[in-house]
Amino acid sequence: MVNKKDRKMRYLKHSCRLFVLLILLSSEIAFSKGSSLPEEEQIKIILPQSSVINSDQYLLGEISQIEGGDAVLLEKVSQIVIGQSPLPGRKLTVTRSLILSRLRSQKINTKRFLFPGSESSSITRAALKIKGKDIEQVVLKHIRDTNNNEDLKPRILAKTRDIFLPRGQVSYVINSKGKYKKEGGYRNYVVEFSIDGKAVRVVTVRTYLKLYKEVFVARDTIKRNKIIEESDLMKVRKNVDRMPREYITEKDQLVGKISNRTINPSETIRGNTVSIPPLVKSGDRLQIVFETPFLRLSAPGISMAKGRKGERIPVKNMDSKIVVFATVKTRNIVLVN
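Below is a short write-up of the structure. (Residues numbered from 1 in each chain as written. Predicted model: local features only at pLDDT ≥ 70, side-chain atom pairs only at ≥ 80, totals over all residues. Heavy atoms only, no water.)

## Some words on the side chain of Thr110
Turning to step 1, where the next piece is worked out: For Thr110, the location among the structural elements is in the loop between helix 4 (96-105) and strand 7 (113-114).
Turning to step 2, where the next piece is worked out: We classify Thr110 as buried; its relative accessible area is 13%.
Turning to step 3, where the next piece is worked out: Beyond its immediate chain neighbours, meaning those up to four positions away, Thr110 contacts Leu100, Leu103 and Arg104. (Helix = DSSP H or I, 4+ residues; strand = E, 2+ residues; numbered from the N terminus. Buried < 20%, exposed > 50% of the residue type's maximum accessible area, 1.4 Å probe, protein only. Contact = heavy atoms within 4.5 Å.)

## Overview of the environment of Ile53
Turning to step 1, where the next piece is worked out: Residue position: Ile53 is located in strand 2 (residues 50-53).
Turning to step 2, where the next piece is worked out: Taking relative accessible area as the criterion, Ile53 reaches 1% and is therefore assigned buried.
Turning to step 3, where the next piece is worked out: Considered as a pair, Ile53 and Lys91 are 38 residues apart in the sequence and their alpha carbons are 9.9 Å apart.
Turning to step 4, where the next piece is worked out: Those residues in contact with Ile53, other than ones at most four positions away along the chain, are Tyr58, Glu62, Ile63, Ser85, Ile123, Thr124, Arg125 and Ala126.

## Considerations on the sheet that holds strand 4 (residues 65-68)
Turning to step 1, where the next piece is worked out: Pairing within the open sheet is mixed, and its 3 strands lie in the order 4-1-7. In the strand order of this sheet, the two ends are held by strand 4 and strand 7, each with one partner.
Turning to step 2, where the next piece is worked out: Inspection of the sheet shows strand 1 (residues 43-46) paired to strand 7 by 2 bridges, in the parallel sense. Residue Lys44 lies in a different strand from strand 7, and its bridge partner there is Leu114.
Turning to step 3, where the next piece is worked out: Across the face of the sheet, helix 3 (residues 71-78) comes into contact with strand 1, strand 4 and strand 7 while running at roughly 160° to strand 4. (Pairing = 2+ DSSP bridges. Axes fitted to C-alpha atoms, helices over the stretch in contact; angles between N-to-C directions.)

## Some remarks on helix 5 (residues 132-145)
Turning to step 1, where the next piece is worked out: Here helix 5 contains 14 residues, and its C-alpha end-to-end distance of 20 Å stays within 8% of the 20 Å for a straight helix at 1.5 Å per residue.
Turning to step 2, where the next piece is worked out: The elements touched by buried residues of helix 5 are strand 9 (127-130), strand 10 (152-156), strand 11 (163-166), strand 12 (170-176), strand 13 (185-195) and strand 14 (198-218). (Expected span 1.5 Å × (residues − 1).)

## Here we look at the pairing of strand 14
Turning to step 1, where the next piece is worked out: As paired elements, strand 10 and strand 14 share 5 bridges and run antiparallel to each other. In the sheet register, Pro154 faces strand 14, and the bridge partner there is Leu209.
Turning to step 2, where the next piece is worked out: As paired elements, strand 13 and strand 14 share 11 bridges and run antiparallel to each other. Residue pairing in the sheet places Ile195 in a bridge with Lys198 of strand 14.
Turning to step 3, where the next piece is worked out: Joining the antiparallel neighbours strand 13 and strand 14 is a turn of 2 residues, in which Asp196 adopts a positive phi near 55°.

Okay, structure coming up:
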């Protein structure tokens, strides 16, 4: 049986424990609110619901209202860097614990600080919003301005997203990406944005350039080694953005040339399918000429191969029967160096 004395002792011990616990809790609450210090020594940090930041870093004085009687300390804590600003168009949350951590890192006694209002605040980076549609229109205008062909029809292949840039004086430069041999087809353009002269963002815009031109095609079949006449040609308007660039757009580049292979009806004639006809054919009789500033000799000869102007071909001297190499000058004359 437990006597009355033991019960009384247990009751006193239990009461003492509760009393100590109440003292500890009350002191912790007083510390968290700062109420244990005289009011003139307290510093209040009032956090708004949200703040807008213009720079890369944000200071305590930029995101809160600081009140207290110590002007020197107020100035010092207002200049403390709390963290890096979010990217333009993004936001982050600053908490009471983060602010106290930054204060402690500066060897500042945090027992003097109270947060009478909210214990967190939303931070947003001031930004300029540039719509993706506006970027696309700028690129399309650049394509038209840098190409004289009115038949060029550019179009956007993929939707461009909206972007957010830091505030300031905006400028941009547009360049085509990569090296291209064709005038049309797939093309990527890079838009580099700068703020106050400093590059901050690069956006790639994918396009397709549809290009129409008037080109020459074969009216009927043109056989191999045939000298092309004007009646063999027909001019048509075609989409050339997927064609090899050797297509011919000038009639003078075809008439009088010789076909290197059979060209089918309506086939687009390219530069590599025709060539200059030879001036001299194999078996042609001609004059072999040896010429210096003071001497000129000639002899009858016969060509052993066909040749164009400026080409070296073998020719046989009809008098000596010796074969020499000579350069074609005209249809009837070759020069021996």
